[in-house]
Amino acid sequence: QAGIDSPDPSHVDANCDGIDGQITQAWFVATDGNDGAQARGNIDDPFLTLTYAISRATSGDHIYLSEGVYTQVVTLKDGVSIWGGYSRANAWARSTGYLSRIVVSTLTGGQLIGVIGLNLTSVMSVADLRIETADAAGTAVSNYGVHCTNCTALQLARVYVDAGTAGPGSAGGNGSFVGNGS
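What counts, and at which threshold
Residues numbered from 1 in each chain as written. Predicted model: local features only at pLDDT ≥ 70, side-chain atom pairs only at ≥ 80, totals over all residues. Heavy atoms only, no water. Salt bridge = Lys/Arg side-chain N within 4 Å of Asp/Glu carboxyl O. Helix = DSSP H or I, 4+ residues; strand = E, 2+ residues; numbered from the N terminus. Buried < 20%, exposed > 50% of the residue type's maximum accessible area, 1.4 Å probe, protein only. Contact = heavy atoms within 4.5 Å. Disulfide = S-S within 2.5 Å. Phe/Tyr/Trp six-rings, centres within 6.5 Å; stacked < 30°, edge-to-face > 60°. Pairing = 2+ DSSP bridges.

Asks: Would you mind going over the pattern of salt bridges with me for this structure?
Replies: Opposite charge on two side chains permits pairing when their charged atoms draw close. Throughout the structure, instances matching the rule amount to eight salt bridges. Of the charged contacts, one joins Asp128 and Arg94 as a salt bridge, the two residues approaching to 2.3 Å between their closest N and O atoms. With Asp128 in strand S9 (residues 124-133) and Arg94 in strand S6 (residues 93-94), this pair connects stretches of sequence that are 34 residues apart. Under the relative-accessibility criterion, Asp128 is labelled buried at 15%. Salt bridges sharing partners connect three or more residues here, namely Asp20, Arg94, Asp128 and Arg158.

Asks: It is not clear to me how the side chain of Ser81 should be interpreted in this structure. Could you clarify?
Replies: One can find Ser81 in strand S5 (residues 81-87). In this structure Ser81 touches Asp61, His62, Ile63, Met124 and Ser125, once residues within four positions along its chain are discounted.

Asks: Help me out: how do you make sense of the state of the cysteines in this one?
Replies: In this structure the tally under the stated criterion is one disulfide. Across a sulfur-sulfur distance of 2.2 Å, Cys148 and Cys151 are joined as a disulfide pair. Because the sign of the S-S torsion sets the handedness, a value of about -85° for the bond joining Cys148 and Cys151 places this disulfide among the left-handed ones. Here Cys148 falls in the partly exposed class, since its relative accessible area comes to 30%. Look at Cys151 and you get buried, because its relative accessible area is 19%.

Asks: I tried to follow the packing of aromatic side chains on my own but got confused; where do I start?
Replies: Summed over all chains, the structure comprises six aromatic pairs. Both rings, one in Trp27 and one in Phe47, keep their centres 5.5 Å apart while their planes meet at 20°; by these two values the pair is stacked. Of the two residues, Trp27 is situated in strand S1 (residues 26-29) and Phe47 in the loop between S1 and helix H1 (50-56); the sequence distance between them amounts to 20 residues. A relative accessible area of 16% places Trp27 in the buried class. Note on Phe47 and Tyr52: the rings are 4.9 Å apart at their centroids and 85° apart in plane angle, and the pair reads as edge-to-face. Accessibility expressed as a relative area gives 0% for Phe47, which makes it buried.

Asks: Before we go on, may I ask you to explain the sheet that holds strand S8 (residues 112-118) in this structure?
Replies: Whenever strands of a sheet pair, they do so through backbone hydrogen bonds, lying parallel or antiparallel. Read across the sheet, three strands follow the order S4-S8-S10 without closing on themselves; strand pairing throughout is parallel. Edge strands, defined here as strands with exactly one partner in the open sheet, are strand S4 (74-75) and strand S10 (143-149).

Asks: Whenever I open this one, the side chain of Gln72 confuses me. Can you help?
Replies: By the element assignment, Gln72 lies in the loop between strand S3 (68-70) and S4. For Gln72, the contacting residues outside a window of four places in its chain are Thr49, Leu50, Thr51, Ile102, Val104 and Gly114.

Quick look at the structure:
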């Protein structure tokens, strides 16, 4: 089990710890997980939501996301990477066939946003997943699949982003006539 094993596009378990990635620096999330007080977030007892996993993670940690649909807005934390494409049902094997999806249909601050980031300056990755937002139903509603401000170290890899349509703009006011009246 020597060496660092970052998740890779070939899904190779380079350090022979049983998964593609580093089991010792990981938090696990699955659609049948648990966010309760006793939840451990490990390979045998994964968390239910990305939000909870991110709240427990510290810079340098990795979150491994099992296949399925996750419906919460994801607010990234500096230095915490998120990797999709795992399958809890298959002993946390990794494959392009295991689709991890973040699907958001509720407004946050008057906008639709799938993934939010602010001041991400430590190297981190979001990889191997799909981010989707619904079409906006209201007037003047912006729609972002990923909205990041000052995210100089964030790396997106093999991420499919499908942001829905934004809401129509608000109607403008009546103009005023400026002239000589003739």
